[in-house]
Amino acid sequence: MENPIQQILEKQVLTVAKAMEEKLDEEIAALDRLEDDDLEVLRERRLQQMKKMAEKRSRWISLGHGEYSEIPAEKEFFSVVKASERVVCHFYRENWPCKVMDKHLSILAKQHIETRFVKINAEKSPFLAEKLKIVVLPTLALIKNAKVENYVVGFDELGGKDDFSTEDLEERLGQYQVINFEGESSAKPSKSKAPTRSVRQSRNADSSDSD
C-alpha cells in the first residue's frame, strides 16, 4: 500500500508544476500577441535602462567605487561620504583583526560597485573617532546619504571569530541595506539600531551627538 503522505506530496508537486506551466504558457501567449511597435517600445525602454546603468557605473568608478581605498586624512572623510550615496568606512589600526576585515572588504568592493568602500586609521583620526564613538576596532561605519545609519563592531555580528566568510559580511551589510544584496538569510537584522548621526564637519555639533 502506498504511503498516504507520499501521495499528498506528489499531488502538491504536480499542482505546482501545472501552475508554473500555465503561467509560462500565458507569458508566451502574451509575447505572441505583441505587435512590432510594442516590441520596439520594450526594446527602447531596455536600451534606456542599460544606458542609465552605464552612466551610473561610470560615475561610481570616477568617485573611486570598485576599489577599497584609504582616506589619508580626517578632513577628506567628509568629501568622500558626501559624494557617494552609500559608503562603508572601516575604522582600523595595524592589527590582525583589522587585516582580516581588510581582506573581505577588498573583495566586496569589487563585487558591489554601487557602494564606496574605504578605510581610515582611527588612531590618526581622533576627532572622527570621538564624534562617531568608535571604541572597538575594527568598526565599520555604514553611511547612507552622509549619515551613519549603523555599525558593525568587531566580529560579534559575524560569529565572534576571525574565520567568518566574505559571504557572512556581505549578508550583514545587505541586511543594513548599505549594499544591494538579494541573497536569502535566516538571520534577522538586529533590532538595536544605532542612533543616526549626521556626518558634519562642525565641532560645534558634537554635543548633540552625545548620549
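Residues numbered from 1 in each chain as written. Predicted model: local features only at pLDDT ≥ 70, side-chain atom pairs only at ≥ 80, totals over all residues. Heavy atoms only, no water.

Looking at an unreviewed UniProt entry, one finds the chain named Thioredoxin domain-containing protein and attributed to Saponaria officinalis.

Student: Mind laying out the pattern of salt bridges, listing which residues take part and the relevant values?
Tutor: A full pass over the atoms with the stated rule returns 4 salt bridges. Measuring nitrogen to oxygen at the nearest pair gives 3.4 Å for the salt bridge that ties Arg172 to Glu157. Here the residue Arg172 occupies a position in helix α6 (residues 166-175), and Glu157 occupies one in the loop between β5 (147-153) and α6, the gap between them amounting to 15 residues. You can call Glu157 partly exposed: its relative accessible area is 26%. (Salt bridge = Lys/Arg side-chain N within 4 Å of Asp/Glu carboxyl O. Helix = DSSP H or I, 4+ residues; strand = E, 2+ residues; numbered from the N terminus. Buried < 20%, exposed > 50% of the residue type's maximum accessible area, 1.4 Å probe, protein only.)

Student: Explain the side chain of Asp102 to me, and be specific about the residues and the numbers.
Tutor: Residue placement: Asp102 occurs in helix α4 (residues 96-111). Overall, Asp102 belongs to the buried group, its relative accessible area being 14%. For Asp102, the residues in contact, after removing those within four places along its chain, are Tyr68, His90 and Lys119. (Contact = heavy atoms within 4.5 Å.)

Student: Describe helix α3 (residues 74-83), and please don't skip the residues or the numbers.
Tutor: Of the positions making up α3, those classed as buried are Glu74, Phe77, Phe78, Val80 and Val81. All buried residues of α3 fall inside an arc of 165 degrees around its axis, so they share one side. Within α3, the exposed residues directed more than 90 degrees away from the buried face are Lys75 and Lys82. Close packing links the buried residues of α3 with β2 (86-92), β3 (116-121), α5 (126-131) and β4 (139-144). (Arc of directions from axis to C-beta.)

Student: Which residues make up a nonpolar patch on the surface, and what values do they have?
Tutor: A contiguous nonpolar surface patch, about 260 Å² in accessible area, is contributed by Val135, Val136 and Val153. Relative to the helices and strands, Val153 resides in strand β5. (Patch = residues over 30% accessible without salt bridge, like charges linked within 9 Å, V, L, I, M, F, W, Y side chains within 5 Å. Areas by Shrake-Rupley, 256 points an atom, 1.4 Å probe, with all protein chains shown as cover.)

Student: An account of the packing of α4 against α6 is needed here, citing residue identities and associated values.
Tutor: Viewed as axis vectors pointing N to C, α4 and α6 meet at an angle of 65 degrees, and their least axial separation amounts to 10 Å. Between α4 and α6 lies a crossing whose hand is right-handed. Side by side, α4 and α6 meet where Met101, His104, Leu105, Ile107, Leu108 and Gln111 of the first sit next to Thr166, Leu169, Glu170 and Leu173 of the second. Partitioning the contact of α4 with α6 into residue classes produces 6 nonpolar, 3 polar and 1 charged. (Axes fitted to C-alpha atoms, helices over the stretch in contact; angles between N-to-C directions. Left-handed = near helix turned anticlockwise from the far one by under 90°. Nonpolar A, V, L, I, M, F, W, Y, C, P; charged D, E, K, R; others polar.)

Student: If you had to explain the environment of Lys56 to someone new, which residues and values would you point to?
Tutor: The topology assignment puts Lys56 in helix α2 (residues 36-62). Residue classification places Lys56 among the partly exposed residues on the basis of a relative accessible area of 47%. A C-alpha to C-alpha distance of 8.5 Å links Lys56 and Glu114, two positions 58 residues apart in sequence.

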